[in-house]
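A structural walkthrough
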Amino acid sequence: MPEPRPEGAPGASGAEQADAAVPGAENRPESRAAAKTAEKRDAHPVLTWLKEIATVVVIAVVLSFLIKTFLFRAFFIPSESMVDTLDVDDRIFVNLLVPEPFALSRGDVVVFRDTKGWLPAVPDKADGPFTWVQDSLTFVGLLPDNSEQHLVKRVIGLPGDHVVCCEAGGKLTINGKAIDEGYINPAEVPQVRAFDVVVPEGKVWVMGDNRNHSADSRAHMDADGGFIDLDDLEGKAAVIAWPLNRITTLDNYPDVFKNVPPGS
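What counts, and where the lines are drawn
- Residues numbered from 1 in each chain as written.
- Predicted model: local features only at pLDDT ≥ 70, side-chain atom pairs only at ≥ 80, totals over all residues.
- Heavy atoms only, no water.
- Helix = DSSP H or I, 4+ residues; strand = E, 2+ residues; numbered from the N terminus.
- Buried < 20%, exposed > 50% of the residue type's maximum accessible area, 1.4 Å probe, protein only.
- Contact = heavy atoms within 4.5 Å.
- Pairing = 2+ DSSP bridges.
- Disulfide = S-S within 2.5 Å.
- Salt bridge = Lys/Arg side-chain N within 4 Å of Asp/Glu carboxyl O.
- pLDDT = per-residue confidence, 0-100.
- Phe/Tyr/Trp six-rings, centres within 6.5 Å; stacked < 30°, edge-to-face > 60°.
- Lys NZ or Arg CZ within 6 Å of the ring centre and 35° of its normal.

Some words on the overall build of the protein
Looking only at helices and strands, one finds five helices and twelve strands in the protein. Looking at the protein as a whole, 33% of its 264 residues are labelled buried. In the protein, the share of contacts with a sequence separation of at least 24, taken over all contacts with a separation of at least 6, comes to 73%.

Written as structure tokens, this is what we have:
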């Protein structure tokens, strides 16, 4: 028979004795917190580090996928058609909220899918051992799209606009108003390629800033009049993200178009 412990004798405190006597005390919040702390202390540091890294990677991939799906998407520039606004090998971010829910404007630089056959057929590339990695990173938005199935140009005419090249001074006119195109590559004088079009509903007229080296709407008037469907637009190019020495936002030159009257 155990001897009674005198009052004040060393041993379990009254609180501890009370806890021990109360059923379910081990399930109290403070008890659970203490157990978790002990588990963390006993866990192997390498496993803990790997778990934290994996959590960060998963969160980054999910966020990147959501951003690429609903807000921004990265693209790679393979040609010189937009020099010197965009250089070959630039990486850009495209705002997917244009043209919907935000409206498209004249002067916007846009990326669009090649559904009209403007680009030559791309031969199938042999899959390498890590092709699936690149495809996966592109899918979730961690790598820019370099599939060569998209084009980038500047919007010149919106639905209803009457676009003509050129007036006596060699300038484009939109709805009868001549414009000074400050975005054109200054290294060359643009060659005059006459056209006279009215942009249909649901379409846009696009041209490259490197006017003498751009196979744009002018070069494809035999295919749907050279117009691009609004439904084919991926979005508005907003930022040059790479290389680091070229990081900048892209201008749509509102002053160039501010005096252009509305189209029909």
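Here's the deal with the pairing of strand β11 (residues 233–242)
Where a strand is regular, its side chains alternate between the two sheet faces. One ladder, built from five bridges, connects strand β2 (residues 91–95) with β11; its direction is antiparallel. Pairing of Val94 across the sheet is with Ala237, part of β11. For strand β3 (residues 109–113) and β11, the ladder comprises three bridges, and the chain directions are antiparallel. Along β11, the bridge assignment pairs Val110 with Lys236. Taken together, the two bridges between β11 and strand β12 (residues 248–249) define a ladder with antiparallel strand orientation.

Describing the state of the cysteines
A complete count under the given rule lists one disulfide for this structure. The residue that forms a disulfide with Cys165 is Cys166, at a sulfur-sulfur distance of 1.9 Å. Disulfide Cys165-Cys166: torsion about the S-S bond near -65°, hence left-handed. Residue classification places Cys165 among the buried positions, given a relative accessible area of 10%.

Details of the pairing of strand β8 (residues 195–198)
Side-chain alternation along β8 places Phe195 and Val197 on a buried face and Asp196 and Val198 on a face that remains uncovered. Pairing of strand β5 (residues 162–165) with β8, which is carried by four bridges, proceeds in the antiparallel orientation. Bridge pairing links Val164 to Asp196 in β8.

Side note on the environment of Lys236
If you trace the backbone, Lys236 turns up in strand β11. Spatially, the C-alpha atoms of Lys236 and Leu96 are 6.8 Å apart, while their sequence positions differ by 140 residues. Once residues lying within four places of it in the same chain are set aside, the contact partners of Lys236 are Phe93, Val94, Asn95, Val98, Asp108, Val109, Val110 and Asn252.

Quick notes on unusual backbone geometry
Of note, the bond from Val83 into Asp84 is cis; its omega dihedral lies within 30 degrees of zero at 5°. Secondary-structure assignment places Asp84 in the loop between β1 (72–76) and β2. A cis amide bond, omega 0°, links Trp242 with the succeeding residue Pro243. Residue position: Pro243 is located in the loop between β11 and β12. Phi at Asp89 takes a positive value of approximately 80°, unusual for a residue other than glycine. Examined against the element boundaries, Asp89 turns out to sit in the loop between β1 and β2. Exposure remark for Asp89: the relative accessible area of 40% places this residue in the partly exposed category. Positive phi outside glycine occurs at Tyr253, with the angle close to 50°.

Digging into the sheet that holds β5
Ordered in space as β7-β6-β5-β8, the four strands form an open sheet in which the pairing is antiparallel. Edge positions in the sheet fall to β7 (177–178) and β8, since each of these pairs with one other strand and no more.

Some details on the pattern of salt bridges
Within the structure shown, the criterion is met by 15 salt bridges. For Glu234, the salt bridge identified is with Arg73, shortest N-O distance 3.5 Å. On the criterion of sequence distance, the pair formed by Glu234 in strand β11 and Arg73 in strand β1 is long-range, its members being 161 residues apart. Using a relative accessible area of 18% as the deciding quantity, one classes Arg73 as buried. Residue Arg211 pairs with Glu181 through a salt bridge whose shortest N-O separation is 3.1 Å. Taken together, the residues Arg211 in the loop between β9 (203–207) and β10 (228–229) and Glu181 in the loop between β7 and β8 connect sequence positions 30 residues apart. The exposure class assigned to Glu181 is buried, which follows from its relative accessible area of 16%. Overlapping salt bridges bring together Arg73, Arg113, Asp232 and Glu234 as one network.

Examining the confidence of the model for the protein
Per-chain confidence: the protein averages 81 in pLDDT, with 69% of residues scoring 70 or above. Predicted confidence for residues 1–26 stays below pLDDT 50, and this span has nine contacts to residues more than four positions away or in other chains.

Brief notes about the packing of aromatic side chains
Tallied over the entire structure, the rule returns five aromatic pairs. With a centroid separation of 4.9 Å and an interplanar angle of 35°, the aromatic rings of Phe195 and Trp205 are classed as tilted. Of the two residues, Phe195 is situated in strand β8 and Trp205 in strand β9; the sequence distance between them amounts to ten residues. Connected via pairs of aromatic rings, a cluster forms that spans Tyr183, Tyr253 and Phe257. Directly above the aromatic system of Tyr183 lies the positively charged group of Arg154, at a separation of 4.4 Å from the ring centroid.

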